[in-house]
Amino acid sequence: MRATSEAELAELILGATAPFAIRGGGTRLVGPKAGDVLETDGLSGISLYEPGALTMVAGAGTPISEIEVALSAENQRLAFEPSDLRDVLGTIGESTIGGVAASNASGPRRISAGACRDFMLGVRFVDGAGNVVKNGGRVMKNVTGYDLVKLMSGAHGTLGVLSEISFKVLPDVEMQLCLRLEGLEADMTVAAMSAALGSAFEVSGAVRDVDGAVLLRLEGFEASVRYRAEQLRSVLAPFGEITVIDDQAICEDLWRDIRDARAFAGGGDLWRISVKPSDAPAVLEVIQPEKAMLDWGGGLIWAEVASGKNVRAKMSVAGHATLMRASDTSFAKLNRFHPEPAPLAKISAGLRARFDPKSLFNSGLMGDAL
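Residues numbered from 1 in each chain as written. Predicted model: local features only at pLDDT ≥ 70, side-chain atom pairs only at ≥ 80, totals over all residues. Heavy atoms only, no water.

Another aspect to go through is the pairing of strand 14 (residues 269–275). Burial of strand 14 is extensive: 5 of the 7 residues sit out of reach of the surface. Two strands pair when backbone bridges link them, and strand 14 and strand 16 (residues 300–305) are joined in this way by 6 bridges, in the antiparallel orientation. Bridge pairing links Leu270 to Glu304 in strand 16. Where strand 14 meets strand 17 (residues 319–325), 6 bridges bridge the pair, whose relative direction is antiparallel. For Leu270, the partnering residue across the bridge sits in strand 17 and is Arg325. (Buried < 20%, exposed > 50% of the residue type's maximum accessible area, 1.4 Å probe, protein only. Helix = DSSP H or I, 4+ residues; strand = E, 2+ residues; numbered from the N terminus. Pairing = 2+ DSSP bridges.)

Here it is, written out as C-alpha cells:
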C-alpha cells in the first residue's frame, strides 16, 4: 500500500484491520517485517523553505538528498547530521526526513548541536484511528505544542504515521579541521575526548575510531578554526603527539564515514550502545567486541560481536543497547531494543494504546522499516 496524500493515508489507516510495517525510503530496514508494507514515500516535497528564518517544512517522504540540495544552495545544512545506514544495514533506497525524524537519527555533531528532535518545530501525523493530528508550528517563533513533536521523534512509527515535518536549519560552515591522536588505551582516549569537549574550543565531533585513534573536529570560520586548533593542541599535549588534518575534502569524507559507521559494513551482529562516556572502557572490556568505535566522546558505542552474543547480559553499567544488525534468529532471541523498566514500560504501553488502539503500527518489531 502506498499513500500519496495525507487524506489518502488517513483513509488507509481508518479502514485497516491488520498491522502495517511503515516504510519511508526503506534504508533503515532492520529485522523481519510484521504486516503489510505501508509506503509513505509518496508524501514528498518541500512545501516551505524560508532561509532567512532558518526553517523548512517537508513531506515525511521527502528524500534527505533533496533537502540537502535545497539547503546547500542557500549555504545551510541539517546541523544534527543525520546518518545514512545503507552500507551498514545492507539496504537500498533513499533516506527520508520522516524516517530520520521517527528514529531521531543524529550524527557525531549531536554533542555540540543537539539531536534531530531538538530541531523539530512541528509535525503532522495520522494516528491509529485515522485522525490527522497537527502539533507544534511551522516556524521558530511559533513554539507551541512541543510535547508531541518530541514524542514522535524516536517513536519509530509506533504512535502514528508522520506525514509532514517542520524543522529548523543552520548556516553551513566555512571550514572543517580535524585533530588526530594515536596510541592511547581506551580509558585514555575517553579522557582525551573529555578534555577536548570540556575545553572552550567548540569541538563538534569526538570519536575513537576502529583503529583506536582519537579524532576531533573543529568547524567555523577559517581564522577561528585555526586558532582553536592551536589552542586545543596545547590542551591535549599531555596525551601525546597530535596530527592536524586540514584538507577539507579529506576531513569531510572522514566524518561522513564516521557518521554512517561505514567501518562496520558487512560482518556480524552490530550493536549501538548508549552509556555514560566514562563507562565506555568498562563496557568494551566486558563485551570484548571484534570491532568497536566510540562516538559522542564515548557516549555512543558501535560494537560488532559474534552472532547471537547477548551484549545486554554482559553490561554491568547503566545504558541502552540496541541491536542494529543480526540474523532473524538473533532478533527473535534478543529483541532489537533494550527492555524498559516496568514503570516506563507501563507508560509506553499506555501511549501506544491511546495513539494506536488497533495495534497497527510496527507492532512486530519497532522501527522495522523507517
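It is worth spelling out the sheet that holds strand 8 (residues 161–168) at this point. Reading across from one edge, 3-4-8-6-7 is the order of the 5 strands in this open sheet, with antiparallel pairing throughout. Of all the strands in the sheet, the pair left with one neighbour each is strand 3 (46–50) and strand 7 (132–136). Ignoring which end each strand starts from, the neighbouring axes of this sheet average 10 degrees apart. Strand direction decides the pairing type here: strand 6 (residues 120–126) and strand 7, joined by 5 bridges, are antiparallel. Bridge assignment links Arg124 to a residue of strand 7, and that residue is Lys134. (Axes fitted to C-alpha atoms, helices over the stretch in contact; angles between N-to-C directions.)

Membership of the largest hydrophobic core comes to 40 residues, with the highest contact counts inside it found for Leu216, Leu232, Ile273 and Ile301. With 5 residues, helix 7 (residues 186–197) is the largest single contributor of residues to this core. Ignoring sequence-local partners within four residues, the contact set of Leu232 consists of Leu179, Ala196, Ser199, Phe201, Val203, Leu216 and Leu218. In this structure, Ala79, Ala101, Val133 and Ala155 belong to the second largest nonpolar core, which totals 29 residues. (Core = buried A, V, L, I, M, F, W, Y, C linked by side-chain atoms within 4.5 Å. Contact = heavy atoms within 4.5 Å.)

Time to look at helix 2 (residues 64–72). Along helix 2, the residues classified as buried are Ile64, Ile67 and Leu71. Take helix 2 and look down its axis: the buried residues cluster within an arc of 60 degrees, on one side only. For helix 2, the exposed residues lying more than 90 degrees away from the buried face are Val69 and Ser72. (Arc of directions from axis to C-beta.)

For the rest of this paragraph, the subject is helix 8 (residues 222–236). The terminal C-alpha atoms of helix 8, which comprises 15 residues, lie 21 Å apart, in line with the 21 Å expected from a rise of 1.5 Å per residue. Buried within helix 8 we find Val225, Arg228, Ala229, Leu232 and Leu236. For helix 8, the arc enclosing every buried residue in end-on projection is 110 degrees, short of the 170-degree limit, so these residues lie on one face. Opposite the buried face of helix 8, by more than 90 degrees, sit the exposed residues Ala223, Tyr227 and Ser234. Buried positions along helix 8 lie against strand 10 (175–181), helix 7, strand 11 (203–208), strand 12 (214–220) and strand 13 (242–245). (Expected span 1.5 Å × (residues − 1).)

This part is about the packing of aromatic side chains. Each aromatic ring pair is summarised here by two numbers: the centre-to-centre distance and the angle between the ring planes. Counted by the stated rule, this structure contains 3 aromatic pairs. Here the aromatic rings of Phe125 and Phe355 are separated by 6.3 Å at their centres, their planes lie at 50 degrees, and the arrangement is tilted. Of the two residues, Phe125 sits in strand 6 while Phe355 sits in helix 13 (residues 342–355), which places them 230 residues apart along the sequence. Judged by relative accessible area, Phe125 falls into the buried class, the value being 0%. A cation over a ring is seen here: Lys168 above Phe119, with NZ or CZ 5.3 Å from the ring centre. One cation-aromatic arrangement involves Arg217 over Trp255; the distance from NZ or CZ to the ring centre is 4.7 Å. (Phe/Tyr/Trp six-rings, centres within 6.5 Å; stacked < 30°, edge-to-face > 60°. Lys NZ or Arg CZ within 6 Å of the ring centre and 35° of its normal.)

Under the criterion given, the structure shown has 21 salt bridges. A salt bridge links Arg180 to Glu182, with the shortest nitrogen-to-oxygen separation between them at 3.5 Å. Residue Arg180 is classed as partly exposed on the basis of its relative accessible area, which comes to 21%. Take Glu182: its relative accessible area is 52%, and that puts it in the exposed class. Residues joined in a network through salt bridges with shared partners are Arg77, Glu81, Arg109, Asp172, Arg217 and Glu219. (Salt bridge = Lys/Arg side-chain N within 4 Å of Asp/Glu carboxyl O.)

With that settled, the discussion passes to the side chain of Arg312. Inspection of the secondary structure puts Arg312 in helix 11 (residues 311–314). Despite its burial, Arg312 pairs with no opposite charge, the nearest such side chain being Asp269 at 10 Å. A polar side-chain atom of Arg312 sits 2.6 Å from the main-chain carbonyl oxygen of Leu334. Every residue in contact with Arg312, bar those within four places of it in the chain, is listed here: Trp271, Ala321, Thr322, Leu323, Leu334, Asn335, Arg336, Phe337, His338 and Pro339. (Lys, Arg positive; Asp, Glu negative; His and termini not counted. Polar contact = N/O pair within 3.5 Å; in protein donor to acceptor, adjacent residues only side chain to side chain.)

Next up on the list: the pairing of strand 3. The pairing of strand 3 with strand 4 (residues 55–59) spans 4 bridges and is classified as antiparallel. Along strand 4, the bridge assignment pairs Glu50 with Thr55.

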